[in-house]
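# Commentary on secondary and tertiary structure
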There are 2 protein chains.
Amino acid sequence: MNETKVTAEALLQFCGACFEQLGLPTVDARLTAENLVFANLRGVDSHGVIRLKIYADRLRAGGFRAGTKPRLVSESESTALLDAGQGIGPVAGVAAMNLAIAKAQKTGAGWVSVKNSNHFGAAAFYALRAVGHGMIGFAATNAGPTMAPTGGREARLGNNAFAVAIPAGEHPPLVLDMATGAVAWGKIFVAQQEKRKIPTTWALDKSGLPTDDPDAAAQGGFIQPLGGYKGYGLSLLLDVMTGVLSGGGFATQVRTLYQDLGNPSQVAHGCGALRVDAFMPCAEFCRRMEDMIQLLHSCPAAPGSQRIYVPGEIEHQTQQRREAEGIPINPALCVELTALAAELGLTAPFQS
Amino acid sequence: MNETKVTAEALLQFCGACFEQLGLPTVDARLTAENLVFANLRGVDSHGVIRLKIYADRLRAGGFRAGTKPRLVSESESTALLDAGQGIGPVAGVAAMNLAIAKAQKTGAGWVSVKNSNHFGAAAFYALRAVGHGMIGFAATNAGPTMAPTGGREARLGNNAFAVAIPAGEHPPLVLDMATGAVAWGKIFVAQQEKRKIPTTWALDKSGLPTDDPDAAAQGGFIQPLGGYKGYGLSLLLDVMTGVLSGGGFATQVRTLYQDLGNPSQVAHGCGALRVDAFMPCAEFCRRMEDMIQLLHSCPAAPGSQRIYVPGEIEHQTQQRREAEGIPINPALCVELTALAAELGLTAPFQS
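Thresholds, definitions, all that
Residues numbered from 1 in each chain as written. Chains lettered and ligands numbered in written order. Predicted model: local features only at pLDDT ≥ 70, side-chain atom pairs only at ≥ 80, totals over all residues. Heavy atoms only, no water. Helix = DSSP H or I, 4+ residues; strand = E, 2+ residues; numbered from the N terminus. Rg over C-alpha atoms; globule rule 2.2 N^0.38 Å. Buried < 20%, exposed > 50% of the residue type's maximum accessible area, 1.4 Å probe, protein only. Contact = heavy atoms within 4.5 Å. Areas by Shrake-Rupley, 256 points an atom, 1.4 Å probe, with all protein chains shown as cover. Buried area = accessible area lost by both parts, 1.4 Å probe. Salt bridge = Lys/Arg side-chain N within 4 Å of Asp/Glu carboxyl O. Polar contact = N/O pair within 3.5 Å; in protein donor to acceptor, adjacent residues only side chain to side chain. Nonpolar A, V, L, I, M, F, W, Y, C, P; charged D, E, K, R; others polar. Expected span 1.5 Å × (residues − 1). Lys, Arg positive; Asp, Glu negative; His and termini not counted. Pairing = 2+ DSSP bridges. Axes fitted to C-alpha atoms, helices over the stretch in contact; angles between N-to-C directions. Least-squares fit on C-alpha atoms with pLDDT ≥ 70 in both. Core = buried A, V, L, I, M, F, W, Y, C linked by side-chain atoms within 4.5 Å. Phe/Tyr/Trp six-rings, centres within 6.5 Å; stacked < 30°, edge-to-face > 60°. Lys NZ or Arg CZ within 6 Å of the ring centre and 35° of its normal. pLDDT = per-residue confidence, 0-100. Disulfide = S-S within 2.5 Å.

## Considerations on the overall build of chain A
The helix and strand inventory of chain A stands at 11 helices and 14 strands. Against the globule reference of 20 Å for 352 residues, chain A gives a C-alpha radius of gyration of 20 Å, in line with a compact fold. Along the longest, intermediate and shortest principal axes, the C-alpha atoms of chain A span 50 × 50 × 45 Å. Classification of the 352 residues of chain A by burial places 57% in the buried group. Residue pairs at least 24 apart in sequence account for 65% of intrachain contacts in chain A once pairs closer than 6 positions are excluded. A total accessible area of about 13000 Å² is found for chain A, and carbon and sulfur atoms account for 51% of it.

Below is the structure:
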């Protein structure tokens, strides 16, 4: 069966309609749909509409609460703390980023922490909102525990993630969006299917030892932090800046998206903004970013490499292509989403 | 020849006296001495008094300018830009961190960028200054180019580094202090001496291909970024937050400590502070950090591992031991520093 392609707008309309049917106010439904479709447009399909079904399941089971508004708990001139009220992640994330931008507008810098939230989706979605305001944007989240600390053999930390978006003049914004694990589980599952060994830096078996066997990794094992103990430190840092600092869940208090659908997952976020023109005119900064990118692009390629990319560049190219050609939806996902549409009395914008 | 041990105070006095002889004002001399001895105390000998000789050489050659004061270029309520005037790194770094703390005191958050500076030394030295004020401290620096971007075969980025220090109640502060390379050159040199192969994730040969041969790495090769393209992104991010944002040197504009001793190295830094009590009472935050650390310490150890450490814990233990027992100085370093002392008309606190 061929892959179906759907326009971003049709997918947005569909996801938004699903979320409205599930009880989200129109604005929240649209925002959450935008977060999923943003990921698909940029080729990050793991964070795209593949999550629509589980979002729907959590909304129906009560683990995502529909219609709650993020509540301001406390603030200072450059900081704020929000309580997301167990609402859907993108609503809290956008509220936090907008507030960080407003703080930075006034003082130069802003940091907003969020507790009692849920799955964040693609972190770049939030960080990029700062760029249009001439700011550098940061967005971080914790996640349910899947990694062991260095030297350990039980999951204590999530594959916590963050994104930074930086204005870059004539280039698309530089966007670094990364989790702190060496690799995503998806790559290990693919190796399992293809019966290939994996690099010993990717995963641990259930006893806590590095393994090149994807089956041993998948059966009770753990993702390794990226670059060993440094990745462990980065993951911990992100949990402190989100979970500990917000008063929300951290480490083993956080549940993964697929656990315990009826209960809050206790995810926490942090969003920051830094006004570029507090340091130099934004146009000058952008020229300097263009020089930096030119310097990297002009680096001679190593054997086997075509050219040098900067972070976010491949995602931007994918976005341009998919905006023109549509977003591919694989057959299994077509079936899943068509069934969901039927449950909600809607029609999916593709045929399974 | 046995290793000599020197008390931290004797080493501080000696380094301070050297720097005064080399033209630094007393306060700056003491601060710079403290930065070096701090690294030794914490077991980070690569950033300790092993750098005294090159600091002296750069001060004599003019690449480090003695007696310049960091100058405030611009500021907003939560940000500032300093021009270090080609002065010595620790003087600019401490000025920047103190200013970031003062900004955060008023608004909750502060970020200070520094241009026209020099070698930063141990980044934790700066970040830790925020902890006593009930703040989370950040300190970052760029460095002369030694890493190729992913897919490249020429050095474009430094092994850029940052530290974060976090109050942790009854525990010593949690301190993550890391460079963005997979490994330090020192480890590759040791493998060369011992004629051992190195992991293929550590270095590239001069053609840009991963190598397990430490000789191939050392002869025109490059350190790999930690965890592949993610480390490349992190290194680039740090260069943007220091070099690009400050208006100082970035990427290939920065010189390493050992290049071109008579000229400024165009290093840039960034220091940040975030007030914990803008989010919750500091005592509550510290209890949460104690819970987090307890959760990590209680993780069962993997085979071959004794116990779980949190970032900065081993350095803290080393500091306690070396404060009691003295700082070891190897014979070659004794000879080098004794010769330097003689050149400056001083007496080293050890015999070569």
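## Digging into the interface of chain B and chain A
On the chain A side, the residues contacting the 76 residues of chain B number 76 residues. Buried surface at the junction of chain B and chain A, summed over both partners, amounts to about 6300 Å²; 72% is from carbon and sulfur atoms. Together, Lys-230, Phe-279 and Arg-288 of chain B form the three largest contributors to the area buried by chain B at its contact with chain A, with a combined 11%. Here chain B and chain A share zero salt bridges between them. The tally of links between chain B and chain A comes to 30 residue pairs in polar contact (both at pLDDT 80 or more). When residues of the side of chain B that touches chain A are traced back to their parent elements, those giving at least two are strand S3 (79–83), helix H4 (89–107), strand S4 (109–117), strand S5 (135–141), strand S8 (161–166), strand S9 (174–179), helix H8 (229–246) and helix H9 (282–297) of chain B. With 13 residues, H8 of chain B is the largest single contributor of residues to the side of chain B that touches chain A. Of the residues contributing to the side of chain B that touches chain A, the split by class is 45 nonpolar, 22 polar and nine charged.

## Describing helix H10 (residues 313–325) of chain B
Residues and elements named next belong to chain B. The end-to-end C-alpha separation of H10 is 18 Å, in line with the 18 Å expected for 13 residues at 1.5 Å each. For H10, the complete set of buried residues consists of Glu-313, Thr-318, Gln-319 and Arg-322. In the core, the buried residues of H10 are packed alongside helix H2 (26–41), H9 and strand S14 (327–329). A positive backbone phi angle near 100° is found at Gly-326, which sits one or two residues after H10.

## What about the side chain of Lys-115 of chain A?
Residue and element names in this part refer to chain A. Looking at the element boundaries, Lys-115 is found in strand S4 (residues 109–117). Buried Lys-115, no salt bridge; nearest opposite-charge side chain is Asp-83, N-O distance 4.8 Å. Excluding anything up to four places from it in sequence, Lys-115 contacts Val-73, Leu-82, Asp-83, Ala-84, Gly-85, Ser-246, Gly-247, Gly-248 and Val-267.

## So, the sheet that holds S9 of chain B
Residue and element names in this part refer to chain B. Taken together, seven strands build an open sheet; the order of strands is S2-S3-S4-S13-S5-S8-S9 and the sheet is mixed. Edge positions in the open sheet fall to strand S2 (71–75) and S9, since each of these has one partner strand only. Here the strands of the sheet are splayed against their neighbours by 15° on average, with no regard to which way each runs. Relative to strand S13 (residues 267–275), S5 runs antiparallel, the two being bridged by seven bridges. Pairing of Thr-141 across the sheet is with His-269, part of S13.

## Digging into unusual backbone geometry
Residue and element names in this part refer to chain A. Of note in this structure, Gln-86 is not a glycine but carries a positive phi near 65°. If you trace the backbone, Gln-86 turns up in the loop between strand S3 (79–83) and helix H4 (89–107). Unlike most non-glycine residues, Ala-251 shows phi in positive territory, near 50°. As for its position among the elements, Ala-251 is in the loop between helix H8 (229–246) and strand S13 (267–275).

## As for the relation of the copies chain B and chain A
Taken as rigid bodies, chain B and chain A are interconverted by a rotation of 180° and an axial shift of 0.0 Å, the fit giving an RMSD of 0.0 Å. Such a turn and shift between the copies fits a two-fold axis. Of every C-alpha in chain B, the one belonging to Gly-227 of chain B sits nearest the axis of rotation, 2.2 Å from it. A symmetric contact is evident, with 100% of the interface residues of chain B recurring at the interface of chain A.

## Some details on the pattern of salt bridges
Should their charged atoms come close, side chains of opposite charge can pair. All names here are of chain A. Summed over all chains, the structure comprises 32 salt bridges over all chains. Between Lys-197 and Asp-212 there is a salt bridge whose closest N-O contact spans 3.9 Å. Placement of Lys-197 in the loop between helix H6 (185–193) and strand S10 (203–204) and of Asp-212 in the loop between strand S11 (210–211) and helix H7 (214–218) is noted, with a sequence separation of 15 residues between them. Linking Asp-277 and Arg-275 is a salt bridge whose minimum nitrogen-to-oxygen distance equals 2.7 Å. Each of Lys-53, Asp-57, Arg-60 and Glu-343 takes part in a single network of salt bridges with overlapping partners.

## Section: the sheet that holds strand S8 (residues 161–166) of chain A
All names here are of chain A. Pairing is mixed across the open sheet formed by seven strands, whose spatial order is S2-S3-S4-S13-S5-S8-S9. Of all strands in the sheet, those with a lone pairing partner are strand S2 (71–75) and strand S9 (174–179), marking the two edges. Between one strand axis and the next, the sheet turns by 15° as a mean value, whatever way the strands run.

## Brief notes about the pairing of S2 of chain B
Residues and elements named next belong to chain B. As judged from the four bridges shared by S2 and S3, these two strands associate in the antiparallel manner. Bridging across to S3, Leu-72 finds its partner in Leu-82. Connecting S2 to the next strand, S3, in antiparallel fashion are three residues.

## Quick look at the environment of Val-91 of chain A
Residue and element names in this part refer to chain A. Residue position: Val-91 is located in helix H4. Separated by 133 residues in sequence, Val-91 and Gln-224 have C-alpha atoms that sit 31 Å apart. Once residues within four sequence positions are removed from consideration, Val-91 is found in contact with Asp-28, Leu-31, Thr-32 and Pro-70.

## Considerations on the nonpolar core
By size, the foremost hydrophobic cluster in this structure holds 76 residues, and its most contacted members are Phe-162, Ile-166 and Phe-285 of chain A together with Phe-162, Ile-166 and Phe-285 of chain B. Apart from the residues lying within four places of it in its own chain, the contact partners of Phe-285 of chain B are Val-240, Val-244 and Leu-245 of chain A together with Ile-136, Ile-166, Pro-167, Val-276 and Met-280 of chain B.

## Some points on the pairing of S13 of chain A
On a regular strand, each side chain points to the face opposite its neighbour's, so the side chains alternate between the two faces of the sheet. All names here are of chain A. Counting buried residues along S13, nine of its nine residues qualify, which places the element largely inside the surrounding structure. A two-sided burial pattern is seen for S13, the buried positions comprising Val-267, His-269, Cys-271, Ala-273 and Arg-275 on one face and Ala-268, Gly-270, Gly-272 and Leu-274 on the other. Where S4 lies against S13, seven bridges are found, and the strand directions are antiparallel. Across the sheet, Ser-113 pairs through a bridge with Gly-270, a residue of S13.

## What about the packing of aromatic side chains?
What describes a pair of aromatic rings is the distance from one ring centre to the other and the angle between the planes of the rings. Residue and element names in this part refer to chain A. Under the definition given, this model contains 14 aromatic pairs over all chains. Ring pairing ties together the aromatic residues Phe-38, Phe-120, Phe-125 and Tyr-126, which thus form one cluster. One Lys or Arg, Arg-129, reaches over the ring of Phe-125 and ends 5.4 Å from the middle of that ring.

## A look at the confidence of the model for chain A
Within chain A, residue pLDDT values average 96, and 99% of them lie at 70 or more. Scored as a complex, the prediction yields pTM 0.97 and ipTM 0.97.

## Re the state of the cysteines
In the structure shown here, the tally under the stated rule is zero disulfides over all chains. Cysteine Cys-271 of chain A remains unbridged, with the sulfur of Cys-282 of chain A as its closest cysteine sulfur at 20 Å.

## Points about the environment of Gly-221 of chain B
All names here are of chain B. Assignment of secondary structure puts Gly-221 in the loop between helix H7 (214–218) and strand S12 (222–223). Sequence separation between Gly-221 and Ser-207 is 14 residues; the distance between their C-alpha atoms is 7.5 Å. If sequence neighbours within four positions are ignored, Gly-221 has contacts with Trp-185, Leu-204, Asp-205, Lys-206 and Ala-216.

## A look at the side chain of Thr-211 of chain B
With respect to the secondary-structure elements, Thr-211 of chain B resides in strand S11 (residues 210–211). If near-sequence neighbours (up to four positions away) are discounted, Thr-211 of chain B is found in contact with Ile-198, Pro-199, Thr-200, Ala-203, Leu-204, Asp-205, Ala-216 and Ala-217 of chain B.

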